[in-house]
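Structure assessment
Residue-level listing of the chains:
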Amino acid sequence: MKTSGKSSMLKRVGSRSAYGKRKAGFPGNRRLATTVLLVLTVCFLAAVTIMGYFWQEEAVRTDFSRKNLPPCVLYPFGTDWMGRDMFMRTITGLSFSIRIGLLTAAVSAGIAFFSGLAAVVMGKLVNDLVLLFIDVVMGIPHMLLLILISFACGRGFWGVVAGIAFTHWASLARLIRGEVLQLKQSQYVKIAERLGKSRRYIAFCHLAPNLISQFVTGLILLFPHAILHEASITFLGFGLSPEKPAIGIILAESMKYLAMGKWWIALFPGLFLVVVVLLFHYAGQSVCRLIDPGSVHE
Amino acid sequence: MRLEAKGLSFCYERAGRQILKSVSLALEDGERVGLMAPSGYGKTTLCKILAGYESADCGEVLLDGKPLKEYRGYCPVQMVWQHPELSVNPRRRLKTVLSEGDFPAQNDGLQSHIEQELGILEEWKERYPSEVSGGELQRFCIARALGERTQILIADEITTMLDLVTQAQIWDFLLKETGKRGIGLIAVSHSPELLSKICHRVLKLDETNI
Amino acid sequence: MDTSGKVILEVRKLSVAFEQYGRGLKRKVIHAVEDLSLTVSEREIVAVVGSSGSGKSLLAHAIMGILPYNAAMNGELLFEGRMLDGELLRQVRGKELVLVPQSVSYLDPLMKAGRQVTKGRKDEESRKRCRDILSRYGLDKEAEGKYPFQLSGGMTRRILISTAVIEQPRLVIADEPTPGLHPEAARRVMEHFKEIAKGGAGVLLITHDLELALLTADRVVVLYGGRAIEEAQAAAFSDESQLKHPYTKALCRSMPQNWDPSGDRLCVSGEILAYMRKEYGR
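All of the points below concern the structure found in this document. As the structure is a prediction and not an experimental result, all values here were calculated from the model.

Let's talk about the overall build of chain B
Across its full length, chain B carries seven helices and nine strands. By the compact-globule yardstick of 17 Å for 210 residues, chain B fits well, its C-alpha radius of gyration being 17 Å. Along the three orthogonal principal directions, the C-alpha set of chain B runs to about 50 × 35 × 35 Å. When burial is assessed residue by residue, chain B has 56% of its 210 residues classed as buried. Look at the contacts in chain B between residues 6 or more apart in sequence, and 74% of them connect residues 24 or more apart. Summed over its atoms, the accessible surface of chain B is roughly 8700 Å², and 46% of this surface lies on carbon and sulfur atoms. Averaging the positions of the 26 positive and the 30 negative side-chain charges in chain B gives two centres separated by 3 Å.

Observations concerning the pattern of salt bridges
Counted under the stated rule, the structure contains 31 salt bridges over all chains. E44 of chain C serves as the salt-bridge partner of R219 of chain C, at 2.8 Å between the closest nitrogen and oxygen. With R219 of chain C in strand β9 (residues 219–224) and E44 of chain C in the loop between β2 (27–41) and β3 (45–49), this residue pair connects regions lying 175 residues apart in the sequence. Residue R219 of chain C is classed as buried on the basis of its relative accessible area, which comes to 8%. On the basis of relative accessibility, which here comes to 2%, the residue E44 of chain C falls in the buried class. Residues joined in a network through salt bridges with shared partners are D80, R84, R89 and E253 of chain A.

As for the nonpolar core
The biggest cluster of nonpolar side chains holds 59 residues, and the ones touching the most others in it are V100, I159, I161, F193, I196, V220 and Y247 of chain C. When residues of this core are assigned to their parent elements, the largest contribution, seven residues, is made by helix α7 (residues 183–198) of chain C. A domain-level breakdown of this core finds at least three residues from each of domain 1 (7–96 + 167–280) and domain 2 (111–162) of chain C. Not counting residues up to four positions away in its chain, the partners in contact with Y247 of chain C are D163 and V165 of chain B together with V222, Y224, I229, I272, L273 and M276 of chain C.

Things to note about the sheet that holds strand β4 (residues 58–63) of chain B
Residue and element names in this part refer to chain B. Pairing is antiparallel across the open sheet formed by four strands, whose spatial order is β2-β1-β4-β5. Each edge of the sheet is formed by a strand with only one pairing partner; in this case those strands are β2 (18–27) and β5 (66–67). Of the strand pairs in this sheet, β4 and β5 are connected by two bridges, and their pairing is antiparallel. Its bridge partner lying in β5, L62 is registered against P67.

Quick notes on the interface of chain A and chain B
Across the contact, 17 residues belong to chain A and 19 residues belong to chain B. Both sides together, the interface formed by chain A and chain B hides about 1700 Å², and carbon and sulfur atoms give 50% of it. For the chain A face of the interface with chain B, the top three residues by lost area are Q187, R194 and L195 of chain A, together amounting to 43%. In this structure, the connection of chain A to chain B is made through zero salt bridges.

Looking at the side chain of T45 of chain B
All names here are of chain B. Mapped onto the secondary structure, T45 falls in helix α1 (residues 43–50). For T45, a relative accessible area of 7% puts it in the buried group. With residues near it in sequence (within four places) discarded, T45 still touches F10, Y12, I19 and L20.

Concerning the packing of aromatic side chains
Residues and elements named next belong to chain A. Taken as a whole and judged by the stated rule, the model has 16 aromatic pairs over all chains. Where F77 meets F87, the ring centres are 5.0 Å apart and the plane angle is 90 degrees; that geometry is what we call edge-to-face. Separated by ten residues along the polypeptide, F77 in the loop between α3 (56–59) and α4 (86–121) and F87 in helix α4 bring together distant segments of the chain. Taking the centre distance of 6.3 Å and the plane angle of 75 degrees together, the rings of F96 and F157 count as edge-to-face. A residue pair is termed long-range when its members are at least 10 positions apart, and F96 in helix α4 and F157 in helix α7 (residues 156–167) qualify at 61 residues. What makes F96 buried here is its relative accessible area of 11%. Ring pairs connect the aromatic residues W55, F77, F87, W263, W264, F268 and F272, which therefore count as one cluster. Over the aromatic face of Y201 sits the side chain of K197, whose NZ or CZ is 5.2 Å from the ring centroid.

What counts and how
Residues numbered from 1 in each chain as written. Chains lettered and ligands numbered in written order. Predicted model: local features only at pLDDT ≥ 70, side-chain atom pairs only at ≥ 80, totals over all residues. Heavy atoms only, no water. Helix = DSSP H or I, 4+ residues; strand = E, 2+ residues; numbered from the N terminus. Rg over C-alpha atoms; globule rule 2.2 N^0.38 Å. Buried < 20%, exposed > 50% of the residue type's maximum accessible area, 1.4 Å probe, protein only. Contact = heavy atoms within 4.5 Å. Areas by Shrake-Rupley, 256 points an atom, 1.4 Å probe, with all protein chains shown as cover. Lys, Arg positive; Asp, Glu negative; His and termini not counted. Charge placed at Lys NZ, Arg CZ, Asp CG, Glu CD. Salt bridge = Lys/Arg side-chain N within 4 Å of Asp/Glu carboxyl O. Core = buried A, V, L, I, M, F, W, Y, C linked by side-chain atoms within 4.5 Å. Domains from an automatic or database assignment. Pairing = 2+ DSSP bridges. Buried area = accessible area lost by both parts, 1.4 Å probe. Phe/Tyr/Trp six-rings, centres within 6.5 Å; stacked < 30°, edge-to-face > 60°. Lys NZ or Arg CZ within 6 Å of the ring centre and 35° of its normal.

Shown next, in the form of structure tokens:
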């Protein structure tokens, strides 16, 4: 097209090259790029989870012939004062965190979805109740409520799961409730009401499909919170039992050894926790970009 | 059925602006009435009150002598809106729009008859609202509103945003269908020519009612 | 009509395509405008008429150089005989070449109407011109001091037109200037465009309302599926036999004034849609 010379004027749109050469004329397939990165992220997280699951035995094996080794080829994250391989301990701890995160985020998001929907659809009493619960949960400092619930449920695995699941749903529930309130004012919902459709039909056929993007994004963005809170509560000693190779336990134990110059015991587990949390955050934002109607053509 | 509005008044809560002031009108069985009014008169609000979407601050809407509010479930007065893209759920395929209409299984012929007369193609039904044109979408909305129990149809500028050919086709269908089934019709439009061609009588609502 | 006037805008074989994601990861290219050619001369109103999705708004955006980022265009645009490239566009846009936008939301909600018309200038001359123009459109001093939300639909359109014509443009592009207006108000807005044309400028009127276009324009270009299927004098629409394309003939028959309510059908036109879908694929 460019070769046709003076008579043809090609106007560029933005900084991109001209129409006609289809590949060059449009921005690259951002959706494809996002999807590929998303799949890589998910693969990495899945690999950590699965590897950690199978290394549970290895991670607690003590061997005093290799204690306090700094990072080397054989033990990339070093070993601790009992000769345990810190790489395996870190991966196992993260695996544990991710599995707890998955479970609690799913339960939390489920509670949020149904309470947010019910608040609007099921009438004033339910609405007031849901709002009351949201205010209670959001009014008490997060960590305090988490410790209380975990303690009341007897600590350990189920204590942590209950604690995180029952403290993290409130803000998503509030978001979904707001969205439903707005959707309920839309013309098509009002038309369905005049067509004599039941509340259940409207809730599940009209409202629910429009909430999927908020729900999925909210669900994924709950992971990092759940994982960090699991680590913190375990660090503080109200969570998982000390013999479990959890990140919180590792970090709590490392405190004693940090002062003695054994930096690797805290650094790598801490760094990996941050990496995993950031990856979840990135995955959440990618999914949000892919399914949000506002940016769907980007 | 006979639709009667007696002394309807309405004002918006927040603004406190009076939209309608004691409006009365009556629609006889099977009658087609056109409504014309200056912009800002509140035609859409009036339509919404007549179809039961809103309730008036004072005055009442009677359907065969019984207040419209007392009709539970399917409302015999159905309304078609000006913007079809707002009247359908953007996340659902178009076949669900038709399935919302009142087309009971034992009266199978009604739905296919309406689809055929409105020119709704099979292939459109699998699409999402953003994948068809406004005219095609409005056909679905009209089909949905013409279910078995519909007695009165309120058309609020339903063809204003459409092209002339589609407009003619839609009104041609509506005249035949409402005539055949004895459905009463209230049509709102800016165009006096259009209303004079399709309606038995045209009501001009003016400033005195504001 | 005035064919002797100098050609102000010439569009030669304009195509606009944009790319969208389909379901999943596939992308599809939508050819929104294809091979569109038209001219606008001084003292002339040319109407481009098409239904939604016919690509008529993209035409305006292509001329003004404000296409969305996922669009690409091809073809030639000549403004007063010169190529309308990036540099010339920067020179003339908002001055000799102006757009009266479709929606009221193009006004700054936090700025008084008068300031928007003078584009923020406060000197005596600008203010005087602003008052002249506003009074020409029947807007008093009071309207000048109002914010957009305090204005009625018709007043807002007149403010939008005033903002455009204060620079004494050579070409005014009006993108759907009338929806939401009462017919009376719409007709008044159209009168303003006629005055602009009388003053020597060219007007490109983009609308979906054929009846309104026929009241105002000298020539009408009918757009369907991104292509210009017919260009005719406005007067030709009063007699179907002067039109060539079957779709334009059907449009002509479909005008409510030509309906026959006592007959078997209001008018014979519906079949054309199936024909057009087959021919143009949409």
